[in-house]
Amino acid sequence: MVNYIWVILTLIGIVFAMFNGTMHEVNQAIFKGAKDAVTLCIGLVSILVFWLGMMKIAEEAGILKGLAKLFKPIIRPLFPEVPANHPAMGYILSNIIANMFGLGNAATPLGLKAMEQLQTLNNRKDSASRSMVTFLAINTASVTILPTTVIAIRLNYNSASPAEIVVPTLITTILSAIAAILIDRYFYWRRSRKGG
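Residues numbered from 1 in each chain as written. Predicted model: local features only at pLDDT ≥ 70, side-chain atom pairs only at ≥ 80, totals over all residues. Heavy atoms only, no water.

1. Some points on the overall build of the protein
On a plain count of helices and strands, the protein comes out with eight helices and zero strands. Along the protein, helices (α) and strands (β) appear in the sequence α-α-α-α-α-α-α-α when read from the amino end. For the protein, whose C-alpha radius of gyration is 21 Å, the value lies well above the compact-globule estimate of 16 Å for 196 residues. Overall size of the protein, expressed as C-alpha extent along the three principal axes, is 65 × 45 × 30 Å. Across the 196 residues in the protein, those meeting the buried criterion constitute 28%. (Helix = DSSP H or I, 4+ residues; strand = E, 2+ residues; numbered from the N terminus. Rg over C-alpha atoms; globule rule 2.2 N^0.38 Å. Buried < 20%, exposed > 50% of the residue type's maximum accessible area, 1.4 Å probe, protein only.)

Written as structure tokens, this is what we have:
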């Protein structure tokens, strides 16, 4: 549906520019936007490659396992249906840690694997389980200690202080994660009271 909306808006803009006599400005904006997008993507690739390399080093050094052990007592009560040593728990923890370092693109495959593993525990295959809903809420809100992608974008656009967003990002993501968990628990409690 969104694709159709974008196509319609683009066509309306082009038709308006044709009748308004501003087609030259539209052409310039299209090519400048395409150039800026490629430049931004190349800049982001370098930052993502760096942080993915750092994550690989952390994984090989056992730091990720240490962080997973550190966070397991906090995360475990949120997923009571998942057995302690089930692969889903490892993917959930890895996804949360990748999100903490602002590696949304690297966290996505881990999140998909976590959902795949949670589906194996789901008795009702046609709907999301309690753990799947909780994981989706936490993943969406995801606490971010180091927003690497946003810092990279700010670096590309010559920000005077690209890392100044670290503290505000940390505060807002902690608050959003708390809100997501509370809302998730509230709706679970409400649903369980209705007997559904």
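2. Quick look at the packing of aromatic side chains
Enumeration according to the criterion identifies two aromatic pairs in this entry. Here tyrosine 186 and phenylalanine 187 contribute two aromatic rings whose centre-to-centre distance is 5.2 Å and whose plane-to-plane angle is 70 degrees, an arrangement assigned as edge-to-face. Overall, phenylalanine 187 belongs to the partly exposed group, its relative accessible area being 44%. Judged by centre distance (6.1 Å) and plane angle (40 degrees), the rings of tyrosine 186 and tryptophan 189 are tilted. Here tyrosine 186 and its partner tryptophan 189 are both found in helix H8 (residues 166-194), three residues apart, which amounts to about one turn of the helix. (Phe/Tyr/Trp six-rings, centres within 6.5 Å; stacked < 30°, edge-to-face > 60°.)

3. Describing unusual backbone geometry
Backbone geometry places asparagine 158, a non-glycine residue, at a positive phi of 55 degrees. Position of asparagine 158 relative to the elements: it lies in the loop between helix H7 (148-156) and H8.

4. Quick look at helix H4 (residues 87-100)
With 14 residues, H4 should reach 20 Å at 1.5 Å per residue; the first-to-last C-alpha distance of 20 Å fits that figure. Among the 14 residues that make up H4, 10 are buried, leaving the element largely enclosed by the rest of the structure. Listing the buried residues of H4 in full gives Ala88, Met89, Ile92, Leu93, Asn95, Ile96, Ile97, Ala98, Asn99 and Met100. One or two steps after H4, the chain reaches glycine 102, where phi turns positive at roughly 70 degrees. (Expected span 1.5 Å × (residues − 1).)

5. A word on the pattern of salt bridges
This structure, assessed with the given rule, holds five salt bridges. One salt bridge connects aspartate 36 with lysine 32, and the closest N-O pair in it is separated by 2.9 Å. Taken as a pair, aspartate 36 and lysine 32 lie in helix H2 (residues 23-60) at a separation of four residues, close to a single helical turn. Residue lysine 113 is joined to glutamate 116 by a salt bridge in which the shortest nitrogen-to-oxygen separation is 3.4 Å. Pair noted here: lysine 113 and glutamate 116 are both in helix H5 (residues 104-121), with a separation of three residues, about one helical turn. Overall, lysine 113 belongs to the partly exposed group, its relative accessible area being 32%. (Salt bridge = Lys/Arg side-chain N within 4 Å of Asp/Glu carboxyl O.)

6. Quick word on the side chain of serine 142
Among the secondary structure elements, serine 142 is positioned in the loop between helix H6 (130-141) and H7. Contact partners of serine 142, with chain neighbours within four places excluded, come to Asn99 and Thr173. (Contact = heavy atoms within 4.5 Å.)

7. Overview of helix H1 (residues 2-20)
For H1, which comprises 19 residues, the first-to-last C-alpha distance of 26 Å matches the rise-based estimate of 27 Å (1.5 Å per residue) to within 8%. Positive backbone phi, at 80 degrees, marks glycine 21, one or two positions downstream of H1.

8. Notes on the environment of arginine 185
Mapping arginine 185 onto the fold places it in helix H8. Considering only alpha carbons, one finds arginine 185 and threonine 134, 51 residues apart in sequence, at a separation of 8.3 Å. What arginine 185 contacts, discounting residues up to four positions off in sequence, is Leu78, Arg130 and Thr134.

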